[in-house]
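Geometric and topological summary
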Amino acid sequence: MLVGVPKEIKNHEYRIGMTPAGVRELTHQGHQVLVQLNGGLGIGLTDEQYVAAGAEIVDSAEEIFARAEMIVKVKEPQANECRMLRPGQILFTYLHLAPDPEQTRLLVDSGAICIAYETVTDRNGALPLLAPMSEVAGRMSIQAGAHALEKAQGGNGTLLGGVPGVAPAKVTVIGGGVVGVNAARMALGMGADVTILDRSLPRLKQLDELYGPGLKTLYSNSENIATSVAQSDLVIGAVLIPGAAAPHLVTREMLGTMKTGAVLVDVAIDQGGCFETSHATTHQEPTYEVDGIVHYCVANMPGGVARTSTFALTNATLPFAVSLANKGVVAALNDDPHLRAGLNVCKGKVTYEAVARDLGYDYVSAEQALV
């Protein structure tokens, strides 16, 4: 198979969909890989390294999209990239379609076969291609939030861990999944007063057993969220409904109960955000203020630590990319129900139920679409 790896074009996005190690693995198995000129240079991966691994370097994304049978990316394709896709071409990347009707329409119109990292599953029902970036984003959310709390950044001037004789910041983490646990772990490590909310009592019990009395656990309901948010200096939104738009758990009305200069970090922003007042920002302008509350809503947060993120992501995605190349897309998806769960759009049909429901498309099962 001819595999193409274009350079990412989102604002301050330096990750790349495949490392030289991945290229070497694919070429060793008889495939060809095209990598765009300087595609990995932002994180220290040179064209020479890619060539040594067996890649062909090409000047433009247009050439990659025109020649490749499978496109491997990191972030969702931008509008001009969507328009370069062709019927039957494989797209393997993050998509986050539910809050993005324009991208969904363009992918449906393209006729391409679009597999989303974020909905690929494993035998335990987890999301193995989302998990690495969730780990990064969870940990980053605390360092970003701590920075935003500084007075010069618009925050209320609270040091996350406090100092002897001065209380630490109060941190609330909404959601006890991969993002939430990594956020809580970092905040605890920095000495903050941390509360985590989740709707799963077994999960709360597990967290209590892992972290003991240092981590406060609360059942997630509207009253507990409202009370915790009002008391907090930093709130992390770490809610995920796989493939679907995130629910708004913190309303604009709640902002009026918060401390002036408190900070909200919405890690769910790539699925629409879990704060009513959230809208996507970039690493170039990461924050804005609503009613005296600082919002950090960067939609590609792991791109801020692009080198770490690239290696963490490609460690997880490469085996699936190899399977798609070795077997072809139809056989690979038919053979592996977990990879098949990643199929979101196929030949003009929406094949992920939550996306179809949220955006008003007729849902067609992956099995039907692949026939």
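It should be emphasised that the depicted structure is a prediction, and the values quoted were computed from it without experimental measurement. (Residues numbered from 1 in each chain as written. Predicted model: local features only at pLDDT ≥ 70, side-chain atom pairs only at ≥ 80, totals over all residues. Heavy atoms only, no water.)

Describing the nonpolar core
Within the largest apolar cluster, 79 residues are counted, with the highest numbers of intra-cluster contacts made by M70, F92, I115, L160, V171, L234 and L339. It is helix α11 (residues 306-327) that provides the largest number of residues to this core, a total of nine residues. Excluding its chain neighbours within four sequence positions, the residues that come into contact with F92 are I71, V72, K73, I115, Y117, L129, T317, F320, A321, L324 and L339. (Core = buried A, V, L, I, M, F, W, Y, C linked by side-chain atoms within 4.5 Å. Buried < 20%, exposed > 50% of the residue type's maximum accessible area, 1.4 Å probe, protein only. Helix = DSSP H or I, 4+ residues; strand = E, 2+ residues; numbered from the N terminus. Contact = heavy atoms within 4.5 Å.)

Overview of the environment of P337
Of note, P337 is situated in helix α13 (residues 337-340). Owing to a relative accessible area of 44%, P337 belongs among the partly exposed residues under this scheme. Between the alpha carbons of P337 and R123 there is a distance of 9.3 Å; along the sequence they are 214 residues apart.

Points about the environment of L34
Note that L34 resides in strand β2 (residues 32-36). A relative accessible area of 1% means that L34 is categorised as buried. Note: C-alpha distance between L34 and S60 (26 residues apart in sequence) is 10 Å. For L34, the contacting residues outside a window of four places in its chain are L2, V3, G4, V5, E56, V58, I64 and R67.

Thoughts on helix α7 (residues 178-189)
Between its first and last C-alpha, α7 extends 17 Å over twelve residues, near the 16 Å set by a 1.5 Å rise per residue. Every buried residue of α7 is accounted for by V179, G180, V181, N182, A183, A184 and A187. For α7, the elements touching its buried residues are α6 (131-148), β7 (170-174), β8 (193-198), α8 (201-211), β9 (215-219) and β10 (234-237). Positive backbone phi, at 90°, marks G191, one or two positions downstream of α7. (Expected span 1.5 Å × (residues − 1).)

Here we look at helix α9 (residues 222-231)
Here α9 has its buried residues at I225, S228 and V229. The arc enclosing the buried residues of α9, seen along the axis, measures out at 100°, which places them on a common side. Against β7, β8, β9, β10 and α10 (252-255) lie the buried residues of α9. (Arc of directions from axis to C-beta.)

Describing the side chain of T19
Its place among the elements puts T19 in the loop between β1 (2-5) and α1 (20-28). In contact with T19, not counting residues within four places along its chain, are L45, Y50, T310, F311 and T314.

Notes on the sheet that holds β1
If you walk across this open sheet you meet the eight strands as β3-β2-β1-β4-β5-β6-β14-β15, and the pairing is mixed. At either margin of the open sheet sits one strand with a lone partner, and together these are β3 (56-58) and β15 (349-350). Relative to strand β5 (residues 90-93), α11 is tilted by about 170°, and along the sheet it contacts β4 (70-72), β5 and β6 (113-116). (Pairing = 2+ DSSP bridges. Axes fitted to C-alpha atoms, helices over the stretch in contact; angles between N-to-C directions.)

Observations concerning the packing of α6 against α7
Taken N-terminus to C-terminus, the directions of α6 and α7 make an angle of 35°; their axes are 7 Å apart at the nearest point. For the pair α6 and α7, the crossing hand works out as right-handed. Taken together, the residues of α7 that come into contact with α6 (itself represented by A131, S134, E135, G138, R139, S141 and I142) are V178, V179, N182, A183, R185, M186 and A187. Classifying every residue of the contact of α6 with α7 by side-chain character gives seven nonpolar, four polar and three charged. (Left-handed = near helix turned anticlockwise from the far one by under 90°. Nonpolar A, V, L, I, M, F, W, Y, C, P; charged D, E, K, R; others polar.)

A closer look at the packing of α6 against α11
Contact pair α6 / α11: the axes reach a minimum separation of 8 Å and the direction vectors enclose 155°. Our classification of the angle between α6 and α11 gives roughly antiparallel. Touching P132, M133 and V136 of α6 are S309, A312, L313 and A316, all from α11. Of the residues belonging to the contact of α6 with α11, the class tally is six nonpolar, one polar and no charged. (Parallel < 35°, antiparallel > 145°, perpendicular 65-115°, else oblique.)

Concerning the packing of aromatic side chains
Tallied over the full model, the rule gives two aromatic pairs. When the centroid spacing of 4.7 Å and the interplanar angle of 85° are considered together, the rings of F92 and Y117 count as edge-to-face. Here Y117 lies in the loop between β6 and α6 and F92 lies in strand β5, a separation of 25 residues in the sequence. Neither residue differs from the other here; F92 and Y117 are each classed as buried. Taking 4.9 Å as the distance between ring centres and 85° as the angle between the ring planes, the aromatic pair formed by Y94 and Y117 counts as edge-to-face. Here Y117 lies in the loop between β6 and α6 and Y94 lies in the loop between β5 and α5 (101-110), a separation of 23 residues in the sequence. By relative accessible area, which is 0% here, Y117 ends up buried. (Phe/Tyr/Trp six-rings, centres within 6.5 Å; stacked < 30°, edge-to-face > 60°.)

Looking at the sheet that holds strand β12 (residues 287-290)
Through backbone hydrogen bonds, the strands of a sheet pair up, either in parallel or in antiparallel fashion. Taking strand neighbours across the sheet as the criterion, the seven strands line up as β9-β8-β7-β10-β11-β13-β12 in an open arrangement whose pairing is mixed. Edge positions in the sheet fall to β9 and β12, since each has one partner strand and no second. Within this sheet the neighbouring strands show an average axis-to-axis angle of 20°, counted without direction. Most of the contacts of α7 go to β8, to which it runs at about 170°, and overall it touches β7, β8, β9 and β10.

These values are about where atoms sit, not about what they do.
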